[in-house]
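Chain by chain, the residues run as shown.
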Amino acid sequence: MEQALWTRARLGRCGPRLDLLTARFDKHVYAPHAHDEFTVGVCVGGSEIIDYRGGHIRTGPGSIVVLAPGEVHTGGPGTTTDGYAYRALYAATPLLADGTCGFPHFREPLIDDPELAAALRLTHTELSACPDPLEAESRLPWLLTALARRHSTARATDDVVPGGAGIALLVRDRLADELLAPPSLATLAEDVGLSRYQLLRAFRTTMGLPPYAWLAQYRVHRARTLLEAGLRPAEAAAAVGFADQAHLTRWFRRVLGVTPAAYRNSVQDGR
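Rules used throughout
Residues numbered from 1 in each chain as written. Predicted model: local features only at pLDDT ≥ 70, side-chain atom pairs only at ≥ 80, totals over all residues. Heavy atoms only, no water. Phe/Tyr/Trp six-rings, centres within 6.5 Å; stacked < 30°, edge-to-face > 60°. Helix = DSSP H or I, 4+ residues; strand = E, 2+ residues; numbered from the N terminus. Buried < 20%, exposed > 50% of the residue type's maximum accessible area, 1.4 Å probe, protein only. Lys NZ or Arg CZ within 6 Å of the ring centre and 35° of its normal. Core = buried A, V, L, I, M, F, W, Y, C linked by side-chain atoms within 4.5 Å. Contact = heavy atoms within 4.5 Å. Axes fitted to C-alpha atoms, helices over the stretch in contact; angles between N-to-C directions. Parallel < 35°, antiparallel > 145°, perpendicular 65-115°, else oblique. Left-handed = near helix turned anticlockwise from the far one by under 90°. Nonpolar A, V, L, I, M, F, W, Y, C, P; charged D, E, K, R; others polar. Pairing = 2+ DSSP bridges. Expected span 1.5 Å × (residues − 1).

Asker: When you look at the packing of aromatic side chains in this model, what are you seeing that I'm missing?
Answerer: To describe a pair of aromatic rings, you give the distance between the ring centres and the angle between the ring planes. Applying the stated rule across the entire model yields 10 aromatic pairs. Centroid distance phenylalanine 38 to phenylalanine 106: 5.9 Å. Interplanar angle 75 degrees. Geometry classified as edge-to-face. Here phenylalanine 106 lies in the loop between β10 (100–101) and β11 (110–111) and phenylalanine 38 lies in strand β4 (residues 38–46), a separation of 68 residues in the sequence. Per residue, the accessibility class of phenylalanine 38 equals that of phenylalanine 106, and both read buried. For the ring pair tyrosine 212 and tryptophan 251, a centre distance of 6.0 Å and an interplane angle of 75 degrees mean the geometry is edge-to-face. In this pair, tyrosine 212 is assigned in helix α7 (residues 211–228) and tryptophan 251 in helix α9 (residues 245–256), connecting sequence segments 39 residues apart. Note on tryptophan 251: relative accessible area 5%, which makes it buried. Each residue in the set Phe25, Tyr30, Tyr84 and Tyr86 is aromatic and connected to the rest through ring pairs, giving one cluster. We note arginine 204 situated over the ring of tryptophan 142; from NZ or CZ to the ring centre the distance is 4.1 Å. The ring of tryptophan 251 is capped by arginine 254, whose NZ or CZ atom sits 4.6 Å from the centre of that ring.

If you want it as structure tokens, here you go:
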């Protein structure tokens, strides 16, 4: 089976776009090519051989591959039977450099980091299904900064954010006030004189959740009230800023353990 599915996520409501690729190939071999951005891939099945910097990289399930901007490479199946499957994203350099000092140079393109590989795969999967701008901006820069800090030559910046708790509460209130069209984290960070990574760090430390997860839970509780008042799930989803009913359902089940429809039926039956 030869399959390549592209999704485009926006980093913040008015922010730049980032491409996500989900690929499964039996025989396909890429011609030599290069990308303007960092290519960050996670192998999810089979094995791929990539020609890169005069050598060969052989991937396996769970391995991370990082290819630098402008570096010519190819890719093809590592065996004649299993093919190869992977998830990749194409990230501009600032997304990896936000929490570091200097250009993130990766001496080794093949990285063994099971925890980070699992987080990248899950984030890629969920954003491919629903590329919510705030979720993309909360999750991808955080993971890419972690990748650069753990595995590149760039030094990590100071994580201490003076007044971080107060800043987090201000951001929380802005998100609650503008839940239908929340501002980008880049805009919020600029407003308080921080980098996006510093803002994410301050928010997660204070609130215990990244901004998108806090807002999703806030939206769920608002939707719950609307369902109790008789609105249908699709109407409640639109009223609180979820992309659609499926997006509401995903978060409603995470927070409350039931679907919005089941919850609505139960409270209506109990009247």
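Asker: Would you explain the nonpolar core in this entry?
Answerer: Proteins that are soluble and globular tend to have nonpolar side chains buried together. Counting residues in hydrophobic clusters, the biggest one holds 34 residues, and the most contacted among them are Val171, Leu175, Leu199, Phe242, Leu248 and Trp251. Broken down by secondary-structure element, the contributors of at least two residues to this core are α3 (133–151), α4 (164–177), α5 (185–191), α6 (196–207), α7, α8 (233–240) and α9. Element by element, the count of residues in this core is highest for α7, at eight residues. For valine 171, the residues in contact, after removing those within four places along its chain, are Leu188, Leu199 and Phe203. Counting residues in hydrophobic clusters, the runner-up holds 32 residues, among them Val40, Val42, Ile111 and Leu147.

Asker: Please clarify how the packing of α7 against α8 should be interpreted in this entry.
Answerer: Two packed helices can be described by the angle between their axes and the distance between those axes. Between α7 and α8, whose axes approach to 9 Å, the crossing angle comes to 135 degrees. Judged by the angle between their axes, α7 and α8 are oblique. Crossing hand, α7 versus α8: right-handed. Only Pro233, Ala236, Ala239 and Val240 of α8 make contact with α7, whose side of the interface consists of Arg219, Arg222, Ala223, Leu226 and Leu227. Its residues assigned to classes, the contact of α7 with α8 comprises seven nonpolar, no polar and two charged.

Asker: Explain the sheet that holds β11 here, please?
Answerer: Picture the strands of a sheet paired through backbone hydrogen bonds; they go either parallel or antiparallel. Across the sheet, which stays open at both edges, the six strands sit in the order β1-β2-β9-β4-β7-β11 with antiparallel pairing between neighbours. Lying at the two open borders of the sheet, with one neighbouring strand each, are β1 (3–10) and β11. Here β1 pairs with strand β2 (residues 17–25) via eight bridges, running antiparallel. Within β2, the residue paired with arginine 10 across the bridge is arginine 17. Lying on the sheet, helix α2 (residues 114–129) is in contact with β1, β2, β4, β7 (64–67) and β9 (84–91); it crosses β2 at an angle near 105 degrees.

Asker: Just to check I follow, could you spell out the sheet that holds strand β3 (residues 30–33) for this structure?
Answerer: Spatial ordering of the open sheet is given by β3-β8-β5-β6, a layout of four strands whose pairing is antiparallel. Looking at the sheet topology across the chains shown, the edges are occupied by β3 and β6 (55–58). Sheet twist, expressed as the average angle between the axes of neighbouring strands with direction ignored, equals 20 degrees. Where strand β5 (residues 48–52) and β6 come together, four bridges link them in antiparallel fashion. Bridge assignment links aspartate 51 to a residue of β6, and that residue is histidine 56.

Asker: Help me out: how do you make sense of α7 in this one?
Answerer: Residues spaced three or four apart along an α-helix point in a common direction, a consequence of the helix completing one turn every 3.6 residues. Relative to the 26 Å expected for 18 residues at 1.5 Å per residue, α7 spans 26 Å between its end C-alpha atoms, a close match to the ideal helical length. Within the span of α7, buried status applies to Pro211, Tyr212, Ala213, Trp214, Leu215, Ala216, Arg219, Val220, Ala223 and Leu227. Of the residues flanking the end of α7, it is glycine 230, one or two places downstream, whose phi is positive at about 110 degrees.

Asker: I tried to follow the pairing of β9 on my own but got confused; where do I start?
Answerer: Each regular strand displays side chains that alternate between the two surfaces of the sheet. Counting buried positions over the eight residues of β9 gives eight, a clear majority of the element. Here β9 shows two buried faces, one formed by Tyr84, Tyr86, Ala88 and Tyr90 and the other by Ala85, Arg87, Leu89 and Ala91. Sheet topology note: the β2/β9 ladder contains seven bridges and is antiparallel. By the bridge assignment for β9, leucine 20 is matched with leucine 89. In this structure, β4 lies alongside β9, joined through eight bridges in antiparallel fashion. Bridge assignment links phenylalanine 38 to a residue of β9, and that residue is alanine 91.

Any link to function would need more than the numbers given here.
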